[in-house]
Amino acid sequence: MPSDARILVVDDEPKICMMLRTALEREGYAVETCLDGATALERVRAAGYDVVISDIRMPGLSGFELIHRIKEARPRTVVVAITGHATVETEVNALRCGADDYITKPFDIAKLRRVVETSVRSQQLLGGTPDSAAGVALRTPTADAVPAAVAALAAPGAGAAQPLPLPAAAQDLLESNRRLEQRVAELITIQEITQAVMAELRLDRLLDTCLVSVGAATGARCVSILLYDAAEECLVVRARRGRDRRRIVGERCALGEGIAGWIAQHRVPLLIQCLDEQPVFRAMARNDGYDSGSFAAVPLAWQERLLGVLCATDKAEGRPFEERDLRLLLGVATQIAIAIENARQYESLQQNAFNALRTLADSFEVKGSFARGHSERVATYATRAARELGLSAEEIETLRQAAQLHDIGNVAISETILGRSGPLSDNEFSLVREHPLRSERILQSLGFLDAILPLVRHHHERWDGKGYPDSLKGREIDPMTRILTLADAFDAMTTPRPYRGTLDRAEAFAELAQCAGAQFDPRLIEPFRRAVGGLA
Ligand SMILES: [Fe+2]
């Protein structure tokens, strides 16, 4: 649109200033540039501009501060914030400081043109020239403000005072309102995804949450997350959702290989609306085996470190991904990266704590040499039986952890008692029978092993209800605990104990069968024998 509007571009990168100046002068605007916030503020105070386009991250006076002070000095100057670090917080902060609009690097020139044109029209609409500090504040109209503004323009005589014809002016305001409402909806979605992701500390669940929420927000039927393996310097598919045939969990790809590898290597977001118009990416997509014609994908990075790539493909009904989809992915990418980093650190802390407990449990087993390796063998037997019985991966992992730590409460019992070959006194026997509760108490205090607590507490319960500590009976005992009980007993039978001899495996299986329905769940005996019988 032809205009004599004066625009000031503020960015500490001369190349950006030059690029924006060239693009806007081509549109007929008078453009000046400035490389720092303090000088820009002086010039705004002295001269006044219709529009100021300012970077956020600048040395000295920051973009946030500059926007705030411009709005104090010349409230009717339209300010557009620009940044290369697009996050929800940045955007919200810019708007809070008074920015009227917001664009991100790398620039989409068409969008830049639209934003500036709308800003200039808004400026002209409410007065035409920048005001003084005493003037009336101009902000891009809010959802509430727009109807009132349009009504005011439609009032008798109002149009005559305006430099633009009424329909165009009203149209501008309605368009601004529409864009603002759309942006608010996007920010709400980003905030919802961020909240859901940040609430999850377990990496698997966190990634699942990402896949579901990103799929729902963008309409992508296939979403995948590849995490960067720094040791191998490659990407690994860590989670996927949808009918993306190419993305198999565990699959690796080198940096630069395929579309995800390209994004990881160049650390830039990618929006392909029509693959046929992008020969380079079309070739990559063919090699990857994609049949989707449109992609939106972003790198996941935190503190300059690459953590992975988030890819969305195959939008519903064959529609192409749009700019708003990429904006949404960019809006959540940093938060997802932070959440992944947090989850990894949390898992690492948990693993360290778990390893320390295992060391403690092992030291007890070494102390009472009759039981050396007991917990690890029980874990092997129990997990094999669990697989045979078709338990889920999560249940198998719970069972493994419970088996490894089920007797940790024995650390409180003296070696003399545990190694006694003769009969125990009543007091000593009571002490031994307390070890499931002691184990539970030790693990309870850590707070992240809640899933294994019932297994640990009840691993000496019996099918007939004559066990301890709670005398649970039959199906009152959790199925995983029944497996643990069986594995525990099998290892006790097949390893030397001070109070009785050792059975060979055949004798031990016969003993288990003998105790079916009394000590053990009868339906588990045969699957257990199948799972464990082949072990050396
Ligand atoms: Fe035990």
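What you see is a predicted model; the values in this text were computed from it and never measured. (Residues numbered from 1 in each chain as written. Predicted model: local features only at pLDDT ≥ 70, side-chain atom pairs only at ≥ 80, totals over all residues.)

### Some words on the overall build of the protein chain
Phase 1 of the analysis: Helix and strand counts for the protein chain come out as 20 helices and 11 strands.
Phase 2 of the analysis: Per-residue burial over the protein chain gives 40% buried out of 536 residues.
Phase 3 of the analysis: In the protein chain, once contacts between residues fewer than 6 apart in sequence are set aside, the share between residues at least 24 apart is 62%. (Helix = DSSP H or I, 4+ residues; strand = E, 2+ residues; numbered from the N terminus. Buried ≥ 20, exposed ≤ 12 C-beta atoms within 10 Å, placed from the backbone. Contact = placed C-beta atoms within 7 Å.)

### Things to note about the sheet that holds strand β9 (residues 270-272)
Phase 1 of the analysis: One open sheet accounts for six strands, arranged β8-β7-β6-β11-β10-β9; its pairing is antiparallel. The open sheet has two free edges, formed respectively by β8 (252-254) and β9, since each of these has just one partner strand. Geometrically, the sheet is characterised by an average inter-axis angle of 20° between neighbouring strands, direction not taken into account.
Phase 2 of the analysis: The strands touched by helix α8 (residues 203-218) within the sheet are β6 (220-229), β7 (234-241), β10 (295-302) and β11 (305-315), with β6 carrying the most contacts at an inclination of about 140°. (Pairing = 2+ DSSP bridges. Axes fitted to C-alpha atoms, helices over the stretch in contact; angles between N-to-C directions.)

### Thoughts on helix α16 (residues 435-444)
Phase 1 of the analysis: Within α16 the residues assigned to the buried category are His435, Pro436, Ser439, Glu440 and Leu443. Along the long axis of α16, the arc covered by the buried residues comes to 145°, so they all point the same way.
Phase 2 of the analysis: Packed against the buried residues of α16 are α13 (393-405), α15 (426-433) and α17 (453-457). (Arc of directions from axis to C-beta.)

### Quick notes on helix α9 (residues 258-266)
Phase 1 of the analysis: Where α9 is concerned, the buried positions are Gly258, Ile259, Ala260, Gly261, Ile263 and Ala264.
Phase 2 of the analysis: Two residues or fewer after α9 comes arginine 267, characterised by a positive phi angle close to 55°.

### With respect to the packing of helix α2 (residues 37-47) against helix α3 (residues 63-73)
Phase 1 of the analysis: Orientation of α2 relative to α3, taken along the N-to-C sense of each, is 10°, at an axis distance of 10 Å. Accordingly, the angle class assigned to the pair α2 and α3 is roughly parallel. At the point where α2 passes α3, the crossing takes the right-handed sense. Across the interface between the two elements, Gly37, Ala40, Leu41, Val44 and Arg45 from α2 touch Gly63, Glu65, Leu66, Arg69, Ile70 and Ala73 from α3.
Phase 2 of the analysis: Split into classes, the residues belonging to the contact of α2 with α3 amount to six nonpolar, two polar and three charged. (Parallel < 35°, antiparallel > 145°, perpendicular 65-115°, else oblique. Left-handed = near helix turned anticlockwise from the far one by under 90°. Nonpolar A, V, L, I, M, F, W, Y, C, P; charged D, E, K, R; others polar.)

### Side note on the packing of helix α12 (residues 374-388) against α13
Phase 1 of the analysis: The geometry of α12 relative to α13 is characterised by a closest axis approach of 8 Å and an angle of 160° between their N-to-C directions. Judged by the inter-axis angle, α12 sits roughly antiparallel to α13. Seen along the crossing, α12 lies across α13 with a hand that is right-handed. On the side of α12, the interface is formed by Ser375, Glu376, Val378, Ala379, Ala382, Thr383, Ala386 and Arg387, while α13 contributes Glu395, Ile396, Leu399, Arg400, Ala403 and Gln404.
Phase 2 of the analysis: Among the residues forming the contact of α12 with α13, the class breakdown is seven nonpolar, three polar and four charged.

### A few points about the confidence of the model for the protein chain
Phase 1 of the analysis: Here the protein chain averages 83 in pLDDT, while 86% of its residues score no lower than 70.
Phase 2 of the analysis: Taken element by element, the protein chain is modelled with least confidence in helix α6 (residues 145-154), mean pLDDT 34, and with most confidence in α17, mean pLDDT 97. (pLDDT = per-residue confidence, 0-100.)

### Considerations on unusual backbone geometry
Phase 1 of the analysis: A cis amide bond links tyrosine 468 to the next residue, proline 469, at an omega of 10°.
Phase 2 of the analysis: Residue placement: proline 469 occurs in the loop between α17 and α18 (479-494).
Phase 3 of the analysis: The phi dihedral of glutamine 303 falls on the positive side, at around 50°, and the residue is not glycine.
Phase 4 of the analysis: The backbone phi angle of glutamate 317 is positive, close to 60°, even though this residue is not glycine.
Phase 5 of the analysis: As for its placement among the helices and strands, glutamate 317 is situated in the loop between β11 and α11 (323-367).
Phase 6 of the analysis: On the neighbour-count criterion, glutamate 317 (6 C-beta atoms within 10 Å) is exposed.

### Considering the sheet that holds strand β4 (residues 78-83)
Phase 1 of the analysis: If you walk across this open sheet you meet the five strands as β2-β1-β3-β4-β5, and the pairing is parallel. Each edge of the open sheet is held by one strand with a lone partner, namely β2 (30-34) and β5 (101-104). Adjacent strand axes in the sheet meet at a mean angle of 20° when their direction is disregarded.
Phase 2 of the analysis: One ladder, built from five bridges, connects strand β1 (residues 6-10) with β2; its direction is parallel. When the sheet's bridge partners are listed, arginine 6 is paired in β2 with alanine 30.

### Concerning the pairing of strand β3 (residues 51-55)
Phase 1 of the analysis: Burial of β3 is extensive: five of the five residues sit out of reach of the surface.
Phase 2 of the analysis: Both faces of β3 are covered, namely the face carrying Val51, Ile53 and Asp55 and the face carrying Val52 and Ser54.
Phase 3 of the analysis: Alignment of β1 against β3, held across four bridges, turns out to be parallel. Bridged to isoleucine 7 within β3 is valine 51.
Phase 4 of the analysis: As paired strands, β3 and β4 are joined by five bridges and run parallel to one another. The residue of β4 that forms the bridge with valine 51 is valine 78.
Phase 5 of the analysis: With respect to chirality, the unit in which β3 leads through α3 into the neighbouring parallel β4 is right-handed. (Right-handed = clockwise from strand over helix to strand, strands pointing away.)

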